[in-house]
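Here is what each chain is made of, one letter per residue.
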Amino acid sequence: MTTPGAISPEDLESVITRGVSEIISQEEFVRLLKSGKKLRLKMGFDPSRPDIHLGHVVGLRKLRQLQELGHQVILIVGDWTAQIGDPSGQSATRTMLSHAQVLENAESYLRQFFKVVDQTRAQVIYQSEWFGDFGLAKVLELTGKFTVAQFLQRADFAQRFADQKPIAITELLYPLLQAYDSVAIESDVEFGGTDQMFNLLVGRELQGMMGQTPQQCFMMPILVGTDGVQKMSKSLDNYVAVDESPVDMYGKLMSVPDDQIISYFEYLTDVPMAELAALRHDLQNNSLNPMEPKKRLAWDVTNQFHDREAADAAQAHFERVVQGRGLPTDISEVSLGDLRSQGIVVGNEVRVDDLMLAAGLAPSKAQVKRLLSQGAVERIIQGGEPQPVTGGEAGYLLQPGDLLKVGKRRFVRLTAP
RNA sequence: GGAGGGGUGGGUGAGUGGUUAAAGCCACCAGACUGUAAAUCUGGCGUCCGGAAGGGCUUCGCAGGUUCGAAUCCUGCCCCCUCCA
């Protein structure tokens, strides 16, 4: 294990530039890194959102990198702030979570968190440890340190105020609680996305007010989602979850727009920057088909969250099913017996449209018809060639071995009872 | 305490009595193209019956009402928000 303080110029360069949006202040941060102190790296987690996607991974990788340099990660479970709901971004009111729910979410979150962060060099603390019996006197003391005008500086508050949109008082409290966390754990550096800048700075300020050394604020860039436009987020459904199956993870990464390839490489892999520069160059003058580096990216990330075999398999699947329009190796199956119990089997045969519905390939009969009329459905009888099935001939499929293909990559095999 | 704005399909957001299963945009699905689940183009996008033509049913916060006919008008209720004090 590395001793804190000993850091090569290359590592230092990487720490402060790669996958970094801004560091406040960078000079102080560098000084801290070189000081030999084992730094306390703070990261907060809102238990109302237990899912981690690649957008979060950018920061987690940074934490991991610093762990490798000998520093300590402290993950704070925001069981109190979750009840408020961080107004950053959206203003939707959150429902309060039960304690049991918080624990459940935290457990799920941690499982994903430690796929990137080293558990042996991390500590998990619940906010309730200090907020559990935080008296009104202390609340008043805390709120007394800041003014409304200061908080209205924050971009989204200012915007909402100008738009005459609601701002709950508890929302103003959110940055304060988060800031107090920094005091409670004596954080040296806090991590967050660029949208967290205000909150991180309040922490920095509060620590100073309370006689501590102000933390450094480390902000990560926002990763663009698979739509290539908006930030990756679950609610926009443009995310790649850390929990994703290898095939889906690989496939979703292949659906990232070509012009995001380089930044995905930069934020999510260890491919050297020099190599990325060359890649970018080749892409710009069209001497490289974007598909190639994208495959490499998809493989690399899939490998990180699964393993080499899974990544290879995912790639093979992609090449066979998507590029080669072939059949996947494992196809979900529906048995004639199950269908029979649904009363849609005649003799030993099932109608294509009934099967589509029963196998969940379409949510409604109307959708089934649309797919049929759009030429999206093919049947493959006993290893033969795919035959298009059109609206009129919602015909019959024999039992074992027959396959149904819907769209480019959804398959079902009909099996005997 | 007073004044006012608003609740529409997954998301935005039009629509103030029929031509509105409800514009546009986004998302999504499919097809073409590209041997990328990129980009682009085309089409689709409540649901049920029907081979189709077509026809039912359900939908615009909730519950009633007016009308031949209501997302649109009336009454009551619920919810959200803003401003003034």
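Keep in mind the model is a prediction, meaning the values are calculated, not measured.

Visitor: A description of the protein's contact with RNA strand B should follow, citing residues and the corresponding values.
Guide: Ser-255, Asp-258, Lys-294, Val-322 and Arg-370 are the nearest of the 31 residues found near RNA strand B. Of all atoms in RNA strand B that approach within 4 Å of the protein, 70% are sugar or phosphate atoms. At 2.9 Å, a backbone N or O of Ser-255 approaches a sugar or linking oxygen of RNA strand B. Between RNA strand B and the protein, one listed contact pairs a base nitrogen with a side-chain N or O atom of Gln-374 at 2.8 Å. Breaking the surface near RNA strand B down by element, the ones donating at least two residues are helix 12 (246-254), helix 15 (291-305), helix 16 (308-323) and helix 19 (365-373). No other element matches helix 19, which puts 6 residues into the surface near RNA strand B. Residue composition of the surface near RNA strand B, grouped by class: 11 nonpolar, 10 polar and 10 charged.

Visitor: Talk me through the packing of aromatic side chains; I want residue IDs and the actual numbers.
Guide: Within this structure, the stated rule accounts for 12 aromatic pairs. With a centroid separation of 5.2 Å and an interplanar angle of 80°, the aromatic rings of Phe-113 and Phe-114 are classed as edge-to-face. Accessibility assignment for this pair places Phe-113 and Phe-114 in one class, buried. Ring geometry for Phe-151 and Phe-198: centres 5.4 Å apart, planes at 85°, overall edge-to-face. Placement of Phe-151 in helix 8 (residues 148-151) and of Phe-198 in helix 11 (residues 197-209) is noted, with a sequence separation of 47 residues between them. The exposure classification of Phe-151 matches that of Phe-198, with both residues buried. Within the aromatic cluster, the residues linked to one another by ring pairs are Phe-45, Tyr-109, Phe-113 and Phe-114. Above the ring of Tyr-239, the side-chain terminus of Lys-252 is found at 4.8 Å from the ring centroid.

Visitor: Can you explain the pairing of strand 13 (residues 403-406)? Please cite residues and give values.
Guide: Residues of strand 13 alternate between two faces, with Leu-403 and Lys-405 on one and Leu-404 and Val-406 on the opposite face, all of them buried. Direction of pairing for strand 10 (residues 377-380) relative to strand 13: antiparallel, over a ladder of 4 bridges. Following the sheet pairing, Val-377 is matched in strand 13 by Val-406. The sheet contact formed by strand 13 and strand 14 (residues 410-415) spans 4 bridges and is antiparallel. Residue pairing in the sheet places Val-406 in a bridge with Arg-410 of strand 14. The hairpin turn running from strand 13 into strand 14, its antiparallel successor, is 3 residues long, and Gly-407 in that turn takes a positive phi close to 70°.

Analysis parameters
Residues numbered from 1 in each chain as written. Chains lettered and ligands numbered in written order. Predicted model: local features only at pLDDT ≥ 70, side-chain atom pairs only at ≥ 80, totals over all residues. Heavy atoms only, no water. Near = heavy atom within 4 Å. Polar contact = N/O pair within 3.5 Å; in protein donor to acceptor, adjacent residues only side chain to side chain. Helix = DSSP H or I, 4+ residues; strand = E, 2+ residues; numbered from the N terminus. Nonpolar A, V, L, I, M, F, W, Y, C, P; charged D, E, K, R; others polar. Phe/Tyr/Trp six-rings, centres within 6.5 Å; stacked < 30°, edge-to-face > 60°. Buried < 20%, exposed > 50% of the residue type's maximum accessible area, 1.4 Å probe, protein only. Lys NZ or Arg CZ within 6 Å of the ring centre and 35° of its normal. Pairing = 2+ DSSP bridges.

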